[in-house]
Amino acid sequence: MSEPQAAAPASAGPLERYFALAQRGTTVRTEVLAGFTTFLTMAYIVLVNPAILGLAGMPVASVAAATCFAAAFASILMGLVANTPLGLAPGMGLNAYFSFTVVQQMHVPWPVALGCVFISGVCFLVLTLTGVRQLIVAVIPTYLFAAVAGGIGLFIGFIGLKDAGIVVANPATFVALGNLREPAAAVALFGLLLIGALSVWGVRGAMLIGIVGTTILGWLAGLVAFKPDPYSLSALTGTAFKLDLPGVFKLSGGVFEIVFVFLFVDLFDNIGTLVAVTKRAGLMDAAGRIPGLNRILIADATATIVGSMAGTSTVTSYVESAAGVQAGGRTGLTAVVTGLLFFATMFVAPYAQIVPLAATAPALIIVGGLMLLPLTEVEWEDPLSAIPAFLTVAMIPLTFSIANGLAFGITAHAALKLLRGTIRRSDWFLFVLAALFVVRFVWMSAGA
């Protein structure tokens, strides 16, 4: 549990004492309002995640319930264990990799893919407990964290444009502009404008409101064909404990790639989010360190393990938590409130399948665009940074694979350091990773 940080007044209630509210300059009321704010900015995942994983053949209503359960469990765990105002839920980008790359391109059955998520969570937990995490983080340059986030943003945005029919396949140019007069494309453009307008007006929950409004228009346009099943929380049983661990070990060499991507993208997401949110909350110490980092990462790894058993892709911390921090959230009570709201949402989660792709596509486009912000951290005037960063950003959407982007970026970084003569003894693990990626490229080319 979170460690006591200061002696609370005798008159303080249990919440004040447990979460050290007075020490962090906040109140129960402020934390509750911050939790609501974080939930509103994250709630779109309840609609978007089932739409993405549903394309992998997973039952949409079940994924919706699993999404709510995983987000609730993870956020409450984070608040109680790490006393940090971080909301967690199935990660954007990782769900796209799960659905489009692992299941659809690599033809891995979704129960086996869930097994890979489970193993990645166990690996993350082991790496954190043994201290290997510090070694991994140390050899990856910070600009590649930014490049991965930007590349995933383009990937998500491209998927949204594709789902909306705004961008379509073309045999001559690979991609082209779709027919914007088609109902799906027109509805998606309306949703894009609606979410954009709500965002610039500073409306909290702009994503969720935009998705709901666009869904209503989709109903009117005849894009929704939904026969509601009897409402029950039992929908969760469609994915709960369906992961196939024995099937993971029957996969070919691709299992390393799948687990590697789930593990490393989760790690990158967490480090980037933690830095952004804790800095804004004033929780980072004078040396730039995040207090309780191990507890935060242990909570995250545990959430991924539990999420995979519930039936969803990798669970990670959300940068939208910064909205709750902006509203005054400073402790884990904010995360607990967010988690309780996700739990309450489980009671309507099975009806998420009434939302058409044209309604969730605008959210993907907007979220993808917002994820480009970290690219400002790349020193684009320095070729040592710019070339690997560009390869990472470009290869993720253009090859429809986060793994390829990571591979190109890390390999290029190692190669350029070697050619420039700036390698150090501590870089040995970087070159181990680069060598593994080179072997992967050769293996993939031989099998092509």
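Shown above is the structure to which this text applies.
About the criteria used
- Residues numbered from 1 in each chain as written.
- Predicted model: local features only at pLDDT ≥ 70, side-chain atom pairs only at ≥ 80, totals over all residues.
- Heavy atoms only, no water.
- Patch = residues over 30% accessible without salt bridge, like charges linked within 9 Å, V, L, I, M, F, W, Y side chains within 5 Å.
- Areas by Shrake-Rupley, 256 points an atom, 1.4 Å probe, with all protein chains shown as cover.
- Salt bridge = Lys/Arg side-chain N within 4 Å of Asp/Glu carboxyl O.
- Helix = DSSP H or I, 4+ residues; strand = E, 2+ residues; numbered from the N terminus.
- Axes fitted to C-alpha atoms, helices over the stretch in contact; angles between N-to-C directions.
- Parallel < 35°, antiparallel > 145°, perpendicular 65-115°, else oblique.
- Left-handed = near helix turned anticlockwise from the far one by under 90°.
- Contact = heavy atoms within 4.5 Å.
- Nonpolar A, V, L, I, M, F, W, Y, C, P; charged D, E, K, R; others polar.
- Buried < 20%, exposed > 50% of the residue type's maximum accessible area, 1.4 Å probe, protein only.
- Expected span 1.5 Å × (residues − 1).
- Polar contact = N/O pair within 3.5 Å; in protein donor to acceptor, adjacent residues only side chain to side chain.
- Pairing = 2+ DSSP bridges.
- Phe/Tyr/Trp six-rings, centres within 6.5 Å; stacked < 30°, edge-to-face > 60°.

### Some words on a nonpolar patch on the surface
Part 1 of the argument: Among the surface-exposed residues, Val200, Trp201, Val203 and Ile209 lie close enough to one another that they form a single nonpolar patch of about 440 Å² accessible area.
Part 2 of the argument: Here Val200 shows up in helix α9 (residues 183-200).

### So, the packing of helix α8 (residues 142-164) against helix α16 (residues 357-370)
Part 1 of the argument: Two numbers describe how α8 lies on α16: the axes approach to 7 Å, and their chain directions differ by 155 degrees. Here α16 runs roughly antiparallel to α8, going by the angle between their axes. Of the two elements, α8 crosses α16, and the hand of that crossing is left-handed. Residues Gly153, Leu154, Ile156, Gly157, Ile159, Gly160, Leu161, Asp163 and Ala164 of α8 pack against Leu357, Ala361, Leu364, Ile365 and Gly368 of α16.
Part 2 of the argument: Here the contact of α8 with α16 is composed, by residue class, of nine nonpolar, four polar and one charged.

### Thoughts on the packing of helix α4 (residues 60-82) against helix α13 (residues 293-310)
To characterise two packed helices, one gives the angle between the axes of the helices and the distance between these axes.
Part 1 of the argument: Taken N-terminus to C-terminus, the directions of α4 and α13 make an angle of 160 degrees; their axes are 9 Å apart at the nearest point. By the angle between their directions, the pair α4 and α13 is classed as roughly antiparallel. Of the two elements, α4 crosses α13, and the hand of that crossing is right-handed. For the pair α4 and α13, contact is made by Ala66, Phe69, Ala70, Phe73, Ala74, Leu77, Met78, Val81 and Ala82 and by Arg295, Ile296, Ala299, Asp300, Thr302, Ala303, Val306, Gly307 and Ala310, respectively.
Part 2 of the argument: In terms of residue class, the contact of α4 with α13 is built from 14 nonpolar, two polar and two charged.

### Some details on unusual backbone geometry
Part 1 of the argument: Look at Ala20: it is not a glycine, yet its phi comes out positive at around 55 degrees.
Part 2 of the argument: Relative to the assigned elements, Ala20 resides in the loop between α1 (14-19) and α2 (28-42).
Part 3 of the argument: The class for Ala20 is buried, based on a relative accessible area of 10%.
Part 4 of the argument: The phi angle at His107 is positive, at roughly 60 degrees, despite the residue not being glycine.
Part 5 of the argument: Locating His107 in the fold gives a position in the loop between α5 (94-105) and α6 (110-130).
Part 6 of the argument: Relative accessible area serves as the criterion here: at 66%, His107 is assigned to the exposed category.

### Let's talk about α9
Part 1 of the argument: For α9, built from 18 residues, the straight-helix expectation of 26 Å at 1.5 Å per residue is met to within 8% by its first-to-last C-alpha distance of 26 Å.
Part 2 of the argument: Restricting attention to buried positions, one finds in α9 the residues Ala185, Val187, Ala188, Gly191, Ile195, Ala197 and Leu198.
Part 3 of the argument: Positive phi shows up at Gly202, right after α9, with a value of about 75 degrees.

### A short note on the side chain of Thr392
Part 1 of the argument: Here Thr392 is to be found in helix α17 (residues 383-398).
Part 2 of the argument: Thr392 gets classed as buried once you look at its relative accessible area, which sits at 1%.
Part 3 of the argument: A distance of 2.9 Å separates a polar side-chain atom of Thr392 from the backbone oxygen of Pro388.
Part 4 of the argument: Other than its neighbours up to four places away in sequence, Thr392 contacts Leu144, Ala147, Val148, Gly405 and Gly409.

### A look at the pairing of strand β3 (residues 174-177)
Part 1 of the argument: Pairing geometry for strand β2 (residues 167-170) and β3, over four bridges, is antiparallel. When the bridges of β3 are listed, Asn170 appears paired with Phe174.
Part 2 of the argument: In this structure, the hairpin formed by β2 and β3 is closed by a connection of three residues.

### Regarding the environment of Pro141
Part 1 of the argument: Here Pro141 lies in the loop between α7 (132-139) and α8.
Part 2 of the argument: In this structure Pro141 comes out as buried when scored by relative accessible area, which is 16%.
Part 3 of the argument: Taking the C-alpha atoms as reference points, Pro141 and Leu430, 289 residues apart in sequence, are found 9.9 Å from one another.

### A short note on the pattern of salt bridges
Part 1 of the argument: One pass over the full model with this rule turns up two salt bridges.
Part 2 of the argument: Across the salt bridge formed by Lys417 and Asp427, the nearest N and O atoms sit 2.9 Å from each other. Placement of the pair is Lys417 in helix α18 (residues 402-420) and Asp427 in the loop between α18 and α19 (428-446), with a sequence separation of ten residues. The burial state of Lys417 is the same as that of Asp427; both residues are buried.
Part 3 of the argument: Across the pair Arg424 and Asp427 runs a salt bridge, and its minimum N-O distance is 4.0 Å.
Part 4 of the argument: Look at Asp427 and you get buried, because its relative accessible area is 5%.

### Notes on the packing of aromatic side chains
Part 1 of the argument: Inspection of every chain in the model, using the stated rule, returns eleven aromatic pairs.
Part 2 of the argument: Between Tyr18 and Phe19, the aromatic rings sit 5.0 Å apart at their centres with planes inclined by 75 degrees, giving edge-to-face as the arrangement.
Part 3 of the argument: The partly exposed category is assigned to Tyr18, whose relative accessible area is 31%.
Part 4 of the argument: Ring geometry for Tyr97 versus Phe262: centroids 5.4 Å apart, planes at 85 degrees, classification edge-to-face. Separated by 165 residues along the polypeptide, Tyr97 in helix α5 and Phe262 in helix α12 (residues 254-281) bring together distant segments of the chain.

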